[in-house]
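# Remarks on the overall topology
Spelled out, the chains give:
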Amino acid sequence: MQSEQLVQVAIAALEDMKAQDIISLDVREKTSVTDIMVIASGTSSRHVKSLADNVLEKVKHQGVRPLGSEGLEGGEWALLDLGDVVVHVMLPTTREFYDLERLWRGAEQSRAAHGE
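Residues numbered from 1 in each chain as written. Predicted model: local features only at pLDDT ≥ 70, side-chain atom pairs only at ≥ 80, totals over all residues. Heavy atoms only, no water.

## Concerning unusual backbone geometry
Note the threshold: The helix and strand labels rest on DSSP assignments: H or I over at least four residues marks a helix, E over at least two residues marks a strand, and numbering proceeds from the N terminus. In this scheme, a residue with accessible area under 20% of its type's maximum is buried, one over 50% is exposed, and one in between is partly exposed, where area comes from a 1.4 Å probe on protein chains only.
At D21, a residue that is not glycine, the phi angle is positive and equals roughly 50°. Structurally, D21 is set in strand β1 (residues 20–26). Under the relative-accessibility criterion, D21 is labelled partly exposed at 36%. Phi is positive for D99, which is not a glycine, with a value near 45°. Tracing the chain through its elements places D99 in the loop between α3 (92–98) and α4 (100–103). In this structure D99 comes out as partly exposed when scored by relative accessible area, which is 25%.

As structure tokens, this is what we get:
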């Protein structure tokens, strides 16, 4: 599955569960670790976990085997390594503290377009 298709699956899974402020960062020119990062916020620890679980379920349904995941038990920040795509789901305070968007400044950013 191409990176862009995987991003769309991940974003759709996040939108299905009402994730907030979903963005994608194209980091191909910045790092060799991954191509695209998807960042989203959840409203509670339980919501963060549910969002991450839904992304994992949807990508597995598409035949993608995640390389790993971190933070699913804590619920403050979940990281899903899908290879060419890394998904970060965080509580808003955690997201503000780490400010990944600023860290990866200069990477092409796009916000998910979804109706609220």
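## Quick notes on the packing of aromatic side chains
For any pair of aromatic rings, geometry is given as the distance between the ring centres together with the angle between the planes. We apply this condition: Centres within 6.5 Å make a pair out of two Phe, Tyr or Trp rings, where for Trp the six-membered ring is used; the pair is then stacked when the planes are under 30 degrees apart, edge-to-face when over 60, and tilted otherwise.
The final tally for this structure, using the stated rule, is two aromatic pairs. Between the aromatic rings of W77 and Y98, the centroid separation amounts to 4.7 Å while the plane-to-plane angle is 55°, which identifies the pairing as tilted. Of this pair, W77 sits in strand β4 (residues 77–81) while Y98 sits in helix α3, placing them 21 residues apart in sequence. Relative accessible area serves as the criterion here: at 24%, W77 is assigned to the partly exposed category. Take Y98: its relative accessible area is 42%, and that puts it in the partly exposed class. Centre to centre, the rings of F97 and Y98 are 4.9 Å apart; their planes meet at 85°, and the pair counts as edge-to-face. A relative accessible area of 66% places F97 in the exposed class. Through a chain of ring-to-ring contacts, the aromatic side chains of W77, F97 and Y98 assemble into a single cluster.

## Let's talk about the pattern of salt bridges
Here is the rule: Salt bridges, as used here, are contacts in which a Lys or Arg side-chain nitrogen is within 4 Å of a carboxyl oxygen on Asp or Glu.
Evaluation of the coordinates by the stated rule reveals five salt bridges. The partner of R95 in a salt bridge is D21, with the nearest N and O atoms 3.6 Å apart. Taken together, the residues span a long stretch of sequence, with R95 in helix α3 and D21 in strand β1 at a distance of 74 residues. In this structure, the salt-bridge partner of R95 is E101, at a minimum N-O distance of 2.6 Å. Summarising the burial analysis for this pair, R95 and E101 share the class buried.

## Details of helix α2 (residues 45–61)
For the record, the criterion: A helix is expected to span 1.5 Å for every residue after the first. What makes two residues a contact is simply this: any of their non-hydrogen atoms within 4.5 Å.
Helix length check: α2, at 17 residues, gives a terminal C-alpha distance of 24 Å against a target of 24 Å (1.5 Å per residue), a fit within 8%. Within α2, the full set of buried residues consists of H47, V48, L51, A52, N54, V55, L56 and V59. Tucked into the core, α2 has its buried residues touching α1 (3–16), β2 (36–41), β4 and β5 (85–90). Downstream of α2 by a residue or two, G63 has a phi angle that is positive, lying close to 90°.

## Let's talk about the packing of α1 against α2
For clarity, the threshold we go by: Working convention: axes come from line fits to C-alpha atoms, limited for helices to the stretch in contact. Angles between N-to-C directions cover 0 to 180 degrees. Should an angle lie under 35 degrees it is considered roughly parallel, over 145 roughly antiparallel, and from 65 to 115 roughly perpendicular; all remaining angles are considered oblique. For any helix crossing, the convention is left-handed if the near helix is rotated counterclockwise from the far helix by under a right angle, and right-handed if that rotation is clockwise. Note on residue categories: nonpolar means Ala, Val, Leu, Ile, Met, Phe, Trp, Tyr, Cys or Pro, charged means Asp, Glu, Lys or Arg, and polar means any other residue, Gly included.
Relative to each other, α1 and α2 sit at 135°, their axes nearing to 8 Å. Overall, the two elements α1 and α2 adopt an arrangement that is oblique. In the crossing of α1 with α2, the sense of the turn from one axis to the other is right-handed. Contacts between α1 and α2 involve L6, V9, A10, A13, L14 and D16 on the former and, on the latter, L51, N54, V55, K58 and V59. Taken together, the residues of the contact of α1 with α2 sort by class into eight nonpolar, one polar and two charged.

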